Amino acid sequence: MPALPPPRTPGRYRIALVCLGNICRSPMADVVLTERVAAAGLADKVSVVSSGTGDWHVGHPMDRRAAALLTSEGYDASAHRAQQVAPSWLTAHDLLLAMDRQNLRDLHALADGDVDPDRVRLFGDFDPVEPGAEVPDPYYGGDDGFHDVLAMIERTADALVDALVLDYR
């Protein structure tokens, strides 16, 4: 597992999760990681947000299939509203995690190529089963795709929280 970059503000850690439209992958990861952070007793030290590189879903709730799956698994997906990543996020967050390589390229373009590679990475870089994997976009597929994405997100969120616990407990 790669090391987490140091916090920009001592005692606080800010993570941003980024996908294309901010209605499937990154909000699912946001909900799961936020819950795992809270369960680890780190909610006062670690914050998690999500966004999309595109603007067409801004203000919309999570995809109904993603929200239904999260709800069936005991998560609360009700508060999510899609937002678009802004250039300021590149310096306001300690770690930005893109769901796939295109999202990663979009973040690099947003920063005119001036990106700290330790702070802007693939979410899958922290996947303990498939390091460096892309989180596939389930939007145009069936329900199985959402289940696969949730499994990837849960195991990767667990690995991230394990690393955060070492740094913040």
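Before reading on, note that the structure itself is shown above.
What counts and how
- Along each chain, the written sequence defines residue order, and numbers are assigned to residues from 1.
- In keeping with the predicted nature of the model, local features appear solely for residues at pLDDT of at least 70, side-chain atom pairs appear and are counted solely at 80 or more, and the whole-chain, interface and lining totals rest on all residues.
- Calculated side-chain values reflect all of the structure's heavy atoms, with hydrogen atoms and water omitted.
- Note on aromatic contacts: the rings of Phe and Tyr and the six-membered ring of Trp form a pair at centre separations within 6.5 Å, being stacked when their planes are under 30 degrees apart, edge-to-face when over 60 apart, and tilted otherwise.
- Sitting over a ring, as applied to charges here, requires NZ of Lys or CZ of Arg to be within 6 Å of the ring centre and within 35 degrees of the ring normal.
- Strand pairing is assigned whenever DSSP identifies at least 2 bridges connecting the two strands.
- Here a strand is any run of E in DSSP of at least two residues, a helix any run of H or I of at least four, and the numbering for each starts at the N terminus.
- Helix axes are fitted to C-alpha atoms over the stretch in contact, other axes to C-alpha atoms as well, and angles between N-to-C directions run from 0 to 180 degrees.
- Working definition: with a 1.4 Å probe on protein chains only, accessible area under 20% of the residue-type maximum means buried, over 50% means exposed, and in between means partly exposed.
- Think of it like this: strands point away, you trace from the first strand over the helix to the second, and a clockwise trace means the crossover is right-handed.
- Here the arc refers to the directions that run from the helix axis out to each C-beta atom.
- Every residue pair with non-hydrogen atoms within 4.5 Å of one another is taken to be in contact.
- We define a polar contact as two N or O atoms separated by no more than 3.5 Å, with the added condition that, inside protein, one atom must be a possible hydrogen donor and the other a possible acceptor, whereas residues neighbouring each other in sequence contribute only through side-chain atom pairs.
- Should a side-chain nitrogen of Lys or Arg be within 4 Å of a carboxyl oxygen of Asp or Glu, the pair is scored as a salt bridge.

Engineer: Which residues make up the packing of aromatic side chains, and what values go with them?
Structural biologist: Overall, the coordinates contain one aromatic pair when judged by the stated rule. The interplanar angle of 90° and the centroid separation of 4.8 Å between the aromatic rings of Tyr139 and Tyr140 together place this pair among those described as edge-to-face. If you follow Arg65 out to its NZ or CZ, it ends over the ring of Tyr139, 5.4 Å from the centre.

Engineer: Pulling in residues and values, what's your account of the sheet that holds strand 2 (residues 46-52)?
Structural biologist: Spatial strand order, 2-1-3-4: four strands in an open sheet with parallel pairing. The strands lining the two open edges of the sheet, one partner per strand, are strand 2 and strand 4 (120-122). Recorded for the sheet is a direction-independent mean angle of 25° between the axes of neighbouring strands. Judged from the three bridges that link them, strand 3 (residues 95-98) and strand 4 form a sheet pairing that is parallel. Residue pairing across strands places Ala98 opposite Leu122, the latter belonging to strand 4.

Engineer: Requested: an account of the pairing of strand 1 (residues 13-19), with residues and values cited.
Structural biologist: Looking along a regular strand, one sees the side chains alternate between the two faces of the sheet. Among the seven residues that make up strand 1, six are buried, leaving the element largely enclosed by the rest of the structure. Sheet topology note: the strand 1/strand 2 ladder contains seven bridges and is parallel. Within strand 2, the position partnered with Cys19 by the bridge is Gly52. In this fold, the crossover linking strand 1 to strand 2 by way of helix 1 (residues 25-39) has right-handed handedness. In this sheet, strand 3 lies alongside strand 1 in parallel orientation, the contact comprising four bridges. Looking across to strand 3, one finds that Ala16 is bridged to Leu96.

Engineer: Give a description of helix 4 (residues 101-110) that names residues and reports values.
Structural biologist: Buried within helix 4 are the following residues: Asn103, Leu104 and Leu107. All buried residues of helix 4 fall inside an arc of 105° around its axis, so they share one side. On the buried face of helix 4, the contacting elements are strand 1, helix 1, helix 3 (89-92), strand 3 and strand 4. For helix 4, the N-terminal capping position is held by Asp100, with its side-chain oxygen 3.1 Å away from the main-chain nitrogen of Gln102. Of the residues flanking the end of helix 4, it is Asp112, one or two places downstream, whose phi is positive at about 50°.

Engineer: Explain the pattern of salt bridges to me, and be specific about the residues and the numbers.
Structural biologist: If you walk through the whole model with that rule in mind, you get ten salt bridges. For the salt bridge of Asp100 with Arg25, the shortest nitrogen-to-oxygen distance reads 2.9 Å. A residue pair is termed long-range when its members are at least 10 positions apart, and Asp100 in the loop between strand 3 and helix 4 and Arg25 in helix 1 qualify at 75 residues. Overall, the relative accessible area of 2% leaves Arg25 in the buried class. Asp116 is the salt-bridge partner of Arg119, the closest N and O atoms lying 3.9 Å from each other. Arg119 gets classed as buried once you look at its relative accessible area, which sits at 10%.

Engineer: Kindly report on unusual backbone geometry, identifying the contributing residues and their values.
Structural biologist: For Asn22, which is not glycine, the phi dihedral falls at a positive 60°. Following the sequence through the fold, Asn22 ends up in the loop between strand 1 and helix 1. Judged by relative accessible area, Asn22 falls into the buried class, the value being 0%.

Don't take any of this as a statement about function, it's just geometry.
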